[in-house]
Each structure stands twice: as structure tokens, then as C-alpha cells.
Amino acid sequence: MNRLRHALCTIAAVLSAGAVPAIASAADTASARAPIEQFFANPQFARAALSPDGRFLAAISGAPGRRDVLAVLDLQSKALKIVAGYSNVDVLAFEWVSAGRLLFSVSDKQVGPDGAYLAGGLYAVDRDGADLRQLAAQNGNSGAPVIGSRLQSQRLLPWYAGLLGQRGAQDSDWAYVELPDIGSAGTLQAVDLLHLNTRTGQTRKVARPGPVYRWLLDDAGEPRLALAAQDGVTRVHYRDPANGQWRVVASFDSYTGGPQAFEPLGFGSDGVLYVGKNDGRDTTALHTFDFASGKVNPQPLIVTDGYDFDGVPVGHRSKLLGFTLLTDAYSSVWFDKDMAALQKKIDALLPGTNNLLSVAGRSDAPWVLVRAYSDRQPSTWLVYHVASGALSRAGGAHPAIDPARMGRQQPVKYKARDGREIPGLLTLPAGGGKGLPLVVLVHGGPYVRGSSWGWDAESQFLASRGYAVLEPAFRGSTGFGRAHFEAGWKQWGLAMQDDIADGARWAIAQGHSDPKRICIMGASYGGYATLMGLVRDPDLYRCGVNWVGVSDINLLYSGHWSFESDLGAAWKKYGMPTLVGDPLKDAAQLKATSPIDQAARITQPLLLAYGGADLRVPIVHGTRLRDAVMRTNRQVEWVEYPREGHGWSLPQNRIDFWGRVEKFLDRHIGRDAAR
């Protein structure tokens, strides 16, 4: 074993110290179930990134019983250093400021959203752990430093200052950070951009052209594009490098898009802006934008048949190399022939996984970072030495998972009753099988892209318990073209619901599912679809699991809670009436598709779970529904996680919830259910 390989094995071992023991060996019985913790504990290796010179690898790692830490490995000298690791907070995210310095944020992952949440806490540190400096206060701690003794006295940024999430220039101690503009009512008004010196704390505010919600740096790391939304209209502002002035280059509806809409994706080294746009097609493709004419160039560079183009640029500081993009799974398209050849070499070394390459800022960097994953294997990070061809493992998100015991997942398509083709994902237990109990897992949103091919804790957990899992991308889901998206407008509980039921019937017809053992489940909109599935198709679904689900659309409008919803007034005024339904014009439809109003029709066993601190779907959705259903149906199980928000942030709650799901499904469609 060479020295680098040994060092990387060491970092993986050190950073995962205290990990859950490996799962049962092949000698154990095939029926043994992998522990819930292996699926729903926090990742042990959450993110990794090369330094700008490509010599160092930084990574966030956690383990049961230990806080998440930030570690840096010198890929040349093999020296490993934990540069940020504390007993009272977790490292949440990081960015390289330069080859010698990192910027990172912290949080308390052991406290739910309603607790004394230590959010923000922006810090900078040298790659060897020296010169630690606090730059932003921590909410819940009155701005007092809590993670070090060598913190300089200075005025701190507010706790809600955060990382930009873009590479920046990486050639000095300066970096760009975001600072949300919080109004008097505590609502987000816009997002400011600050240029921050990570050693002195000095800041320079970038002129903001309106209520900006997204900033985009160019390839040189300078602010070049800003997207601002006001009164339901998005305006794209471009900062001219010749004079530093902002000007509007495009505008379109913030929620429905339209012919002029496009998605800025990133800049090339020559200043070219790459965008996603459906220029005369149903699906979007990759184009460039002409700032001189203010128009998108009509000739597409990459077309992903059947999918909207969804990608991010990959490149050195001097050259755009290609794009990592999503179709049914993530992959890369390389403009650079050397990167295309390198991809082939690495794919030959790792034939069973999707292998996504990322590069350092300098073109002469000696190492390339690889994230490898499959439907059966959680993400694993490796480094590849370009000169020697050596490939070594750095760490994995869930190393206790045994891929051999995971199910196989495949993209599928089926016809809805009106002829529309519905994409989806089907996950079968290891070893496959026919006539299996089926879980229809409905994604939230609903106007978002659902799951893509790859290891997923929820679907693989269910498959490990013997269930087939179908995840339909019903109409209204994004990523599959404009027509598929628009077909879901104002179809909550109607055609969208039919698409889901038609997927279950397709699984029966294909022989995957036992027609008498089907359960529907989901969170947020998926919880709403669960409830309406039980209402509309009582002969199809034997049970339902709804967590943090909408139980009445009018409640999203009117609230009936003591705090401001995080949905935002603009979404309610400009987005919801068109996409979901108008509370006045569509009053009859909203009543007919309200699970609370239709509660008496829910006769099947139902598991409900809500968070007491949910600002998206407040717990009143759950309590009113529970009370309404229990007037005529006593087969209702209720659980509240008082400190949780819109989903389960704490591992112990995720483990508790999925333990309840496991027992609930076992009783009603699983191994304990009457046939």
C-alpha cells in the first residue's frame, strides 16, 4: 500500500471513529434487517473539496457520539489536521478562501428548530488550524464566541450571514458572503452580498440592484449577475465589467416562467454566461446568453432528450471543461478531450458506480476529486492522482451500508389514464421478487424535481424491509419539460392524484405488486397526496403514512397560526392562485380536494407525524385532520416532535419515526399483515 493510500485510509478511519459496527456478514440469515441507524444517522462524510492548488483535501466528517468536524489532508505530505472540531457545535459547511485559508459555518445539530438554535457562527481558519477568527455572531448565544480561545475582538456580522456557496477568486484573504435583509416583521426582503476579509473582518457591501435573492459570480470570482424578484416578476441584472454598472437584461414571471425565462447556470473563463432555456422546445437545453443583444443564442450546446437541462459548470480558473448534469441520474459531459479521457479511465477503475469528477482552480493541480455512487452504494469520495493513475478512498457518507444487501433501482415510465407518460423510479428489494407489498412514496413540492437514480435512505430502507417502492414523477413535477409541469397546475387532488394511483395499478399489472398490500406515504405535498389517495382510492390503498403534510389548501392561505409562514406573501399572491388554486375563484374545487373536509371518507389505518415548530405546514394541519378523521376512524396513530420543523433534523427523531413506520407497515401490508 503506497503512502498516499495509507494516509487516505487513515483519514477515513480517524474521521469515522466511533462509527456504527459493520452490518451482518454473509453468514447471517438473509432475513436479518439492517439497523435503522445505518440509514438515518447523520452522514459520516458529508462533503469534500480540493484546495485551489489541488494539494489539500478538506472534508466535513461526523460519527455517532461526536460532533461534525472540518479536517484537512495534505495530499503530498500525507499530514492530517482537524482544523475545526468542537464539543458544543458542529461544522456545517465550508469554502476554500485560498490555498491556505478556509471559511466555515457552524450549527448545533443536536437542537431542533425551536430550541436555542446556534445558527450561523461564521469563522475562518488557516488550513493548519492557525489564525481562527469569528466573523459572524451565533443566534441563541448573544454573539459570544463559543468555539475557541484565540478569537480576536471585533464587530461581528449578524448571525444570519452565510456562505455564498461559490468558488470565488480564491487568491487572497477576501471572500464573498451573503447577508439576508430581514424586515421588521422578521421576513426575508432580499439578500445582500458582502466582500469580507477573513483575517480582519472588514467588509465591503456590493451595490444591490433591487430585491436580489440570488447572486452569481463570474469565473474571475467577481459579482456579475443578480436575480431580483418583485411583484411576481423576476429581473436578471448584469454588472457590466466595462463600467461596473448594473442593467436589466431579462425579465419574466417568477412562478410560471414564460417564453423569456431562462435559468443562469454559470460563467465560462471568457465571460460567457451559460443558461438553461426551452427555446422552441418542450424541454430546456444548454445555451449561451448574448449580452450585446440581450437574447439567448438559439443554437443549443447540450440537449438532454426527455429532460430539462439541469447542470453545473466544471472547470479550472482558466477554462470551462464541461458540465455535471442530471437526467435520470447525474453524469458529466466534457468539452475538454483530456477530461473525457480521464473520465473513461476512472470509470474503468470504478465500473459499478456513477463517478463525478471535480477539479481544483489551478489547471496544473495534481489530483482530481471523485464522488462515486450508485443505486446500492451511498456517496463515496476518492482522489485520483493524474500522473500516477493511483485512486484512493477518502471517506463515505454511510460506510456501514453493505451494497450487496441493498435493492436495485430503475427508472420507469407508465401511461396515465389520459395517455400522459409519467416517469418514476422503482426500487425492488435485494433479490427482486414478484407480487411484493408496495409502498407508493410521493415526493413533496410538488412543483420540484423528485428523486433521481441513486442510493436514497428512505427508498432503500423500505426495500430492505421487503417492500417494492414506486416514486412517481406525477404531472406538475419539474425536470421533464414544460408540458408536464403545466399539466399539474390546479390539479392537487385531481389529475396529479390520478397519476399516482395509475402508477400503483401499473405496478400491479407488471407483477411487481400484490394488489391487496399497497400503502401510500409522503411528506409535505406527499402527505397531502397520501390523504387524498385514501379519500379517492380506498380500494387501492390499504393504509397511509403522512408526515408534515398539507391537510387543507385554504390553511396555506389563511394561516390560523401565531407566526408568519415561511411560504412568503409573494408566493401566496402571485404563485399559488395560478399553480394551486384561487381561494375565491376555485373555492368549490379547494373544498372538494380538502382532506379535512373529506375526512369522513378516510377509513384506512393512518399514521400522522408533525413538527411543533413547522413554519411551512404548521401543526394545525395535523391536529385538525387528526380530530376530523378520528370522529369516524379510530385507526389513527399520532406522533408530534415538538422541536422539529418541516421534516426531521435530529437523527434520533428520524430513527424514531422510521421505526414507527416499520412497525406500521409490518402490521398492515408487511410480514405481520393478514393475507
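Before reading on, note that the structure itself is shown above.
Within any chain, residue numbers begin from 1 and follow the written order of that chain's sequence. Owing to the predicted nature of the model, reporting of local features is limited to residues with pLDDT of at least 70; listing and counting of side-chain atom pairs is limited to 80 or more, with chain, interface and lining totals taken over all residues. Only hydrogens and water are set aside; all other atoms, that is, all heavy atoms of the structure, feed into the side-chain values.

1. What to know about the packing of aromatic side chains
Remark: the centre distance and the inter-plane angle together describe each pair of aromatic rings, the angle taken between the planes. Note the following rule: Pairing of aromatic side chains here covers Phe, Tyr and the six-membered ring of Trp, requires ring centres within 6.5 Å, and sorts the geometry by plane angle: under 30 degrees stacked, over 60 edge-to-face, intermediate tilted. The buried label applies to any residue whose accessible area, calculated with a 1.4 Å probe on protein chains only, is under 20% of its type's maximum; exposed applies above 50%, and partly exposed to all values in between. Either the NZ atom of lysine or the CZ atom of arginine qualifies as a charge over a ring when it sits within 6 Å of the ring centre and within 35 degrees of the ring normal.
By the definition in use, this model includes 33 aromatic pairs. On the numbers, 5.3 Å between centres and 80° between planes, the contact of F657 with W658 is edge-to-face. Residue F657 shares its accessibility class with W658, and that shared class is buried. Here the aromatic cluster, defined as three or more aromatic residues joined through ring pairs, consists of F39, F40, W455, F461, W547, Y641, W648, F657 and W658. If you follow R204 out to its NZ or CZ, it ends over the ring of W174, 3.9 Å from the centre. Sitting over the ring of W638, R626 keeps its end group 4.6 Å from the ring centre.

2. Remarks on the sheet that holds strand 12 (residues 203-205)
Threshold: Two strands make a pair as long as DSSP finds a minimum of two bridges between them. Helix numbering and strand numbering both begin at the N terminus, where a helix is a DSSP run of H or I of at least 4 residues and a strand a DSSP run of E of at least 2.
Strand order in the open sheet formed by four strands is 9-10-11-12, and the pairing between neighbours is antiparallel. The strands lining the two open edges of the sheet, one partner per strand, are strand 9 (162-163) and strand 12. Pairing analysis gives nine bridges linking strand 10 (residues 174-182) to strand 11 (residues 188-197), with the strands arranged antiparallel. When the bridges of strand 11 are listed, L179 appears paired with D192.

3. Topic: the pattern of salt bridges
Keep this limit in mind: Counted as salt bridges are all cases of a side-chain nitrogen of Lys or Arg within 4 Å of a carboxyl oxygen of Asp or Glu.
All told, the structure shown has 38 salt bridges when counted by the stated rule. As a salt-bridge pair, D131 and R101 come within 3.7 Å of each other at their nearest N and O atoms. Taken together, the residues D131 in the loop between strand 7 (123-126) and strand 8 (133-134) and R101 in strand 6 (residues 101-107) connect sequence positions 30 residues apart. Taking the shortest distance from any N to any O, the salt bridge between K319 and D336 comes out at 2.6 Å. In this pair, K319 sits in strand 22 (residues 319-326) while D336 sits in the loop between strand 23 (330-334) and helix 3 (337-349), placing the two residues 17 residues apart along the sequence. In this structure K319 comes out as partly exposed when scored by relative accessible area, which is 41%. Residue D336 is classed as buried on the basis of its relative accessible area of 9%. Through salt bridges with shared partners, one network takes in R417, D498, D502, R505, R536 and D537.

4. Comments concerning the packing of helix 6 (residues 495-509) against helix 7 (residues 525-536)
Defined as follows: Axes here refer to lines fitted to C-alpha atoms; in helices the fit is confined to the stretch in contact. Angles between the N-to-C directions go from 0 to 180 degrees. For this classification, under 35 degrees means roughly parallel, over 145 means roughly antiparallel, 65 to 115 means roughly perpendicular, and everything else is oblique. For this analysis, residues touch if any pair of their heavy atoms sits within 4.5 Å. Put simply, Ala, Val, Leu, Ile, Met, Phe, Trp, Tyr, Cys and Pro go in the nonpolar bin, Asp, Glu, Lys and Arg in the charged bin, and everything else, Gly too, in the polar bin.
Interhelical geometry of helix 6 versus helix 7 gives an angle of 75° and a closest axis separation of 10 Å. The orientation of helix 6 with respect to helix 7, classified from their angle, is roughly perpendicular. Note on element contacts: helix 7 touches helix 6 through Y525, A529, M532, G533 and R536, opposite M496, Q497, D498 and I500. Among the residues making up the contact of helix 6 with helix 7, the classes are represented as five nonpolar, two polar and two charged.

5. With respect to the sheet that holds strand 31 (residues 468-472)
Read across the sheet, eight strands follow the order 28-29-31-30-32-33-34-35 without closing on themselves; strand pairing throughout is mixed. Of all the strands in the sheet, the pair left with one neighbour each is strand 28 (408-415) and strand 35 (636-641). On average, adjacent strands in this sheet sit at an angle of 20° to one another, irrespective of strand direction. Bridge analysis of strand 30 (residues 436-442) against strand 31 gives three bridges, and the strand direction is parallel.

6. Quick notes on the nonpolar core
In globular proteins that are soluble, nonpolar side chains generally tend to be buried together. Selection criterion: Joining through side-chain atoms within 4.5 Å is the link that ties buried Ala, Val, Leu, Ile, Met, Phe, Trp, Tyr and Cys residues into a set, and such a set is a nonpolar core.
Grouped together as the largest cluster of nonpolar side chains are 54 residues, with contacts concentrated most on V440, W492 and Y541. No other element matches helix 7, which puts seven residues into this core. With near-sequence residues (within four places) excluded, V440 lies in contact with L470, P472, I500, A504, I518, C519, I520, M521 and Y541. One finds W455, M521, V661 and L665 within the second-largest nonpolar core, a separate group that totals 32 residues.

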